[in-house]
Amino acid sequence: MSSTNENETLVSFTKRYWKRVDEPQSWFPAAALPLLVLVGLLLIGGTWSVAAIERDVAEQVADRLVAAGISSSKVTADGQSVHIVASASAVSAVVIRAVALATECATWAGGLPCVADVEVNLREAGGTAERHPRPHSLTVSRRDGGFTLLGEVPSNEEHDRILAKAQQRASSVVNRMAVTGEPATDEFAGSVDVAIDIAAKLRQGKAVWSGQRLAVVGVSSPADFEAVRKRFADIDDGTRGEFDLRVVETPEACNQVFRGLLSKNDIRFRTGSAEVDASSHDLLERIARASESCPGTLNVEGHTDDRGDADMNQQLSFERASSVRFELGRLGVDVSRITAVGFGEERPIADNATAAGRAKNRRITVVIADEG
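Because the structure is a prediction, the values reported are computed rather than measured. (Residues numbered from 1 in each chain as written. Predicted model: local features only at pLDDT ≥ 70, side-chain atom pairs only at ≥ 80, totals over all residues. Heavy atoms only, no water.)

Q: Quick question: what am I supposed to make of the pairing of strand S7 (residues 146-153) here?
A: On a regular strand, one side chain projects to one face of the sheet and the next to the other, so that they alternate. Burial of S7 is extensive: six of the eight residues sit out of reach of the surface. Examined bridge by bridge, strand S6 (residues 138-143) and S7 share six bridges and lie antiparallel to one another. Following the sheet pairing, leucine 138 is matched in S7 by glycine 151. If you look at the hairpin formed by S6 and S7, you'll find two residues sitting between the two strands, and aspartate 144 has a positive phi there, around 55°. In this structure, S7 lies alongside strand S8 (residues 173-179), joined through seven bridges in parallel fashion. Looking at the pairing, glycine 151 lines up with methionine 177 of S8. Once the chain exits S7 it traverses helix H3 (residues 156-169) before rejoining the sheet at S8, and the crossover so formed is right-handed. (Buried < 20%, exposed > 50% of the residue type's maximum accessible area, 1.4 Å probe, protein only. Helix = DSSP H or I, 4+ residues; strand = E, 2+ residues; numbered from the N terminus. Pairing = 2+ DSSP bridges. Right-handed = clockwise from strand over helix to strand, strands pointing away.)

Q: Honestly, the environment of serine 155 in this entry has me stumped. Any pointers?
A: In this structure, serine 155 sits in the loop between S7 and H3. Taking the C-alpha atoms as reference, serine 155 lies 5.3 Å from glycine 181; in sequence the two are 26 residues apart. Polar side-chain contacts of serine 155 include one of 3.2 Å to the backbone nitrogen of glutamate 158. (Polar contact = N/O pair within 3.5 Å; in protein donor to acceptor, adjacent residues only side chain to side chain.)

Q: Mind showing me how you'd approach the packing of aromatic side chains here?
A: Scanning the model with the defined rule gives two aromatic pairs in all. Centre to centre, the rings of phenylalanine 225 and phenylalanine 243 are 6.3 Å apart; their planes meet at 65°, and the pair counts as edge-to-face. Taken together, the residues phenylalanine 225 in helix H5 (residues 222-232) and phenylalanine 243 in strand S11 (residues 240-247) connect sequence positions 18 residues apart. Judged by relative accessible area, which is 28%, phenylalanine 243 ranks as partly exposed. Summarising the aromatic geometry, the rings of phenylalanine 232 and phenylalanine 243 are spaced 4.9 Å apart at their centres and angled 40° between planes, so their arrangement reads as tilted. In this pair, phenylalanine 232 is assigned in helix H5 and phenylalanine 243 in strand S11, connecting sequence segments eleven residues apart. (Phe/Tyr/Trp six-rings, centres within 6.5 Å; stacked < 30°, edge-to-face > 60°.)

Q: Would you mind going over the packing of helix H6 (residues 251-264) against helix H7 (residues 281-291) with me for this structure?
A: Two packed helices can be described by the angle between their axes and the distance between those axes. Where H6 meets H7, the closest approach of the two axes is 10 Å, and the angle between their N-to-C directions is 175°. Accordingly, the angle class assigned to the pair H6 and H7 is roughly antiparallel. Only Leu283, Arg286, Ile287, Ala290 and Ser291 of H7 make contact with H6, whose side of the interface consists of Val257, Phe258, Leu261 and Leu262. Classifying every residue of the contact of H6 with H7 by side-chain character gives seven nonpolar, one polar and one charged. (Axes fitted to C-alpha atoms, helices over the stretch in contact; angles between N-to-C directions. Parallel < 35°, antiparallel > 145°, perpendicular 65-115°, else oblique. Contact = heavy atoms within 4.5 Å. Nonpolar A, V, L, I, M, F, W, Y, C, P; charged D, E, K, R; others polar.)

Q: Hey, could you run me through the state of the cysteines in this one?
A: Working definition: the covalent bond between the sulfur atoms of two cysteines is a disulfide. In this structure the tally under the stated criterion is one disulfide. The disulfide partner of cysteine 254 is cysteine 294, and the S-S distance across this bridge is 2.0 Å. Measuring the twist about the S-S bond at about -110°, one finds the cysteine 254-cysteine 294 disulfide to be left-handed. Here the residue cysteine 254 occupies a position in helix H6, and cysteine 294 occupies one in the loop between H7 and strand S12 (298-303), the gap between them amounting to 40 residues. With respect to class, cysteine 254 is no different from cysteine 294; both count as buried. (Disulfide = S-S within 2.5 Å.)

Q: Honestly, the packing of H7 against helix H8 (residues 310-330) in this entry has me stumped. Any pointers?
A: H8 packs onto H7 with a crossing angle of 70° between their chain directions and a minimal axis gap of 9 Å. With respect to each other, H7 and H8 are oriented roughly perpendicular. Where H7 crosses over H8, the two elements pack in a sense that is right-handed. Contacts between H7 and H8 pair Leu284, Ile287 and Ala288 from the former with Val324, Glu327 and Leu328 from the latter. Of the residues in the contact of H7 with H8, the class split is five nonpolar, no polar and one charged. (Left-handed = near helix turned anticlockwise from the far one by under 90°.)

Q: Sorry if this is basic, but what is going on with the sheet that holds S8 here?
A: Paired through backbone hydrogen bonds, the strands of a sheet run either parallel or antiparallel to each other. Ordered by their spatial adjacency, six strands build an open sheet running S8-S7-S6-S9-S10-S11, and the pairing between neighbours is mixed. At either end of the open sheet lies a strand with only one pairing partner, and these are S8 and S11. Adjacent strand axes in the sheet meet at a mean angle of 5°, parallel and antiparallel pairs treated alike. Bridge analysis of strand S10 (residues 214-220) against S11 gives six bridges, and the strand direction is parallel. Counterpart to valine 219 in the pairing with S11 is arginine 246. Along the sheet, H5 makes contact with S10 and S11, crossing S11 at roughly 175°.

Q: Even after reading the chapter, I still don't get the nonpolar core, so can you show me in this structure?
A: Soluble globular proteins tend to pack their nonpolar side chains together in the buried interior. Ranked by internal contacts, the top residues of the largest apolar core, which has 28 residues, are Phe147, Ile162, Phe188, Ile198 and Leu214. Within the residue set of this core, elements represented by two or more residues are S6, S7, H3, helix H4 (188-200), strand S9 (204-209), S10 and H5. It is H4 that provides the largest number of residues to this core, a total of eight residues. Residue contacts for phenylalanine 188: discarding those within four places in its chain leaves His136, Leu138, Glu152, Val153, Pro154, Glu158, Ile162 and Trp209. Judged by nonpolar contacts, the second largest core, of 25 residues, contains Val276, Leu298, Leu328 and Ile364. (Core = buried A, V, L, I, M, F, W, Y, C linked by side-chain atoms within 4.5 Å.)

Q: Would you mind going over the side chain of asparagine 299 with me for this structure?
A: Following the sequence through the fold, asparagine 299 ends up in strand S12. Filtering out sequence-adjacent residues up to four positions away, asparagine 299 remains in contact with Thr339, Thr365, Val366, Val367 and Ala369.

That's the geometry; what it means functionally is another story.
Put into structure tokens, the structure is as follows:
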């Protein structure tokens, strides 16, 4: 008998062993190559796009200059800044700058301004161009004790001289003068000096040298009016332009006028109402006309007698003052410089024990609140 069962199956096993082998690998992953290529293309495209935009801006500015008759110019762009070299005899730097700033570039939103800053350098054309004097315009504006200088000056020396003179005559100076590098006419310096002297005497307004004529528009005090008129007469008849100067009274003088008008007549209202009676229209018209020559804020003050409830009197006095303010506005006075105040029975000027006294206490007063 065999020792091995016939039904038994022989099974053989094979054992496998894995061995780790460290081999040097490349540090550059192959998958990153397309990404780096894309980044490079974007950088190259962005650089090309900026350069193309700047070329386009320069070309459009140059085209606008040519259309304006300024052909002898060289234009370069750096972002939204433009540098222009033009012939000194071509046209003024102010005009060149204005033409360049008006340039629009095509965008997805349509044509939009694409120049934010302009530098103009005027040079002799080929070094031989003869520069002829031409009119230069300059405006000296006066407001709140300060000057604004706006316009053209022929040279840096004249620029500094005018600025120094203006700083001597005003508490502050805003300088918006542009140097053209071109000679001005013989009348320029003297006319600008007169303009500064006149502007220094104005409460508000401007003296404008157009390049041919000097014009004065504004308001002055009574004390300064004659001095301004005489200084204006210092220039030649042929260069005198418009002289539109109004006299502004002092607050004290204005208050005297208002007191005089209201001492002769009262502003009347409908009985028990804040509505101004039609009989007071002429008086209000005279007050409105007088206020045109007055500085500062007009206070319209309402007053009552002491009959009735004090709170109701105060409310009625305010409503009547507000009605007068409204009527003065209808007559042309700027309502932004009118304040309505109600004092009720707080400020009597006569004895409330008598009918005559109460009538005096029921009143409207108008005063200048400040010197503007």
